[in-house]
Amino acid sequence: MATTSARTLKLLSIFGIGATLTAEELATRLGASVRTVRRDIDTLRELGYEIEAVRGAGGGYRLGRANRLAPVVFDEDQAVAAAVALQTVPTILSGIRENSARALATLQQAMPARSRIHAEAFTVSAARNYWEFPAAPIDAEIIRVIGGAINRQHIVRVDYTGEDEPTTLTLEPHDLVVWAARWYLVAFEPDADRWRAMRIDRLEPRMPTGRTFDRRDVPHSDPVAFVMSTHDRGDTPADWPCRGSALVALPAPVVARFAPGGSTVEYDTDSSCRLTLGAWSWAGLAGLLLTFDADVTGIEPAELRQALRSLRTRIDEGLRRAM
């Protein structure tokens with residue numbers, strides 16, 4: 001029954017964009033048979049929706065004009081926010097591009113003319129920021145499963161590949177955080193009695209447990225701050241042309257918060273950590289290390305050490321000429 005209701009709602013959403021579609025086209029979009037589509041159309045008609053059958057070339061089914069969505073009242077800023085959000089969400093979620101486009105078309109159709117003008121004025125093309133070296137878009141289904149577990153406060157079991165060896169974990173999921181174009185789950189692991197910040201793209205949810213849990217107080221009272229200050233959150237070094245590492249005389253949580261995307265931070269002592277990061281050139285990599293304004297030792301490889309020497313020479317020469 002739940003599956004039938006969800007499919008019928010999706011059918012109504014498809015009709016909401018105002019297109020005339022054949023039963024075959026609707027069946028393809030719904031992943032159902034033509035017979036099932038016609039039965040769902042009958043269900044909508046029984047619920048009072050006017051579904052018109054259009055005959056002839058280009059015919060099919062469409063939603064009657066009397067059943068258009070009621071106007072959605074947005075101010076100009078809200079209209080822009082909705083348009084931008086629906087156009088950029090495919091950069092962080094995969095398998096959602098068509099659905100977001102349909103949602104935007106439906107929303108624009110339901111807006112009054114003034115709001116619609118502002119929404120349609122923003123056509124956005126989202127590109128990857130290679131400086132952050134973002135992860136690939138996450139499967140929207142994984143976000144749906146994890147997000148549902150958070151909402152219902154259900155314990156989840158996941159296969160996690162962020163450890164040295166793949167492992168199965170039991171987690172109490174609390175929050176989802178998107179940072180530096182990466183999805184993270186903030187969760188408590190009861191078996192280890194610890195909080196975790198984990199990359200969603202390294203999780204594979206198993207069957208729901210159905211077991212509930214009571215929400216706990218997230219560290220720092222803020223899931224975003226917790227993710228940003230957690231150094232062992234499952235990140236891996238990005239595949240830059242030049243990559244190196246050094247011991248930085250700063251605590252791991254501090255470096256983790258400000259390290260560029262595609263870098264990793266390993267705990268060394270309470271006042272130092274090893275930072276591994278990359279850049280397009282050795283000089284660029286050396287410059288990134290200097291931005292932390294802290295002593296660095298254990299610099300690897302030799303190319304990075306040479307780049308630091310070259311920068312020092314250039315800086316000394318520049319200061320000499322300026323005097």
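Residues numbered from 1 in each chain as written. Predicted model: local features only at pLDDT ≥ 70, side-chain atom pairs only at ≥ 80, totals over all residues. Heavy atoms only, no water.

### Considerations on the sheet that holds strand 5 (residues 156-160)
Argument step 1. With antiparallel pairing, the five strands of this open sheet are ordered in space as 8-7-6-5-9. Pairing within the sheet leaves two strands with one partner each, and these edge strands are strand 8 (194-199) and strand 9 (203-205). In this sheet, adjacent strand axes meet at a mean angle of 50° when their direction is disregarded.
Argument step 2. Two elements, strand 5 and strand 9, share three bridges in a ladder whose sense is antiparallel. Note on strand 9: the bridge partner recorded for Val158 is Pro205.
Argument step 3. The strands touched by helix 7 (residues 140-152) within the sheet are strand 5, strand 6 (167-179), strand 7 (182-189) and strand 9, with strand 6 carrying the most contacts at an inclination of about 95°. (Pairing = 2+ DSSP bridges. Helix = DSSP H or I, 4+ residues; strand = E, 2+ residues; numbered from the N terminus. Axes fitted to C-alpha atoms, helices over the stretch in contact; angles between N-to-C directions. Contact = heavy atoms within 4.5 Å.)

### What to know about unusual backbone geometry
Argument step 1. In this structure, Pro301 follows Glu300 across a cis peptide bond, with omega equal to 0°.
Argument step 2. Note on placement: Pro301 falls in the loop between strand 13 (296-300) and helix 11 (302-322).
Argument step 3. The phi angle at Asp193 is positive, at roughly 55°, despite the residue not being glycine.
Argument step 4. By secondary structure assignment, the location of Asp193 is in the loop between strand 7 and strand 8.
Argument step 5. The residue Asp293 is not glycine, and still its phi comes out positive at about 50°.
Argument step 6. Positionally, Asp293 belongs in the loop between helix 10 (282-290) and strand 13.
Argument step 7. Owing to a relative accessible area of 72%, Asp293 belongs among the exposed residues under this scheme. (Buried < 20%, exposed > 50% of the residue type's maximum accessible area, 1.4 Å probe, protein only.)

### Some remarks on the sheet that holds strand 10 (residues 242-248)
Argument step 1. Spatially, 11-12-10-13 is the arrangement adopted by the four strands of the open sheet, whose pairing is antiparallel. Looking along the sheet, the strands with just one partner apiece sit at the ends: strand 11 (264-269) and strand 13. The mean inter-strand angle of the sheet, taken between neighbouring strand axes irrespective of direction, is 20°.
Argument step 2. Judged from the three bridges that link them, strand 10 and strand 13 form a sheet pairing that is antiparallel. Across the sheet, the residue bridging to Ser245 is Glu300, located in strand 13.
Argument step 3. Across the sheet, helix 10 is in contact with strand 10 and strand 12 (272-279); its angle to strand 12 comes to roughly 150°.
Argument step 4. On top of the sheet, helix 11 reaches strand 10 and strand 13; it is set at about 125° to strand 13, its chief contact.

On their own, these measurements won't tell you what the molecule is for.
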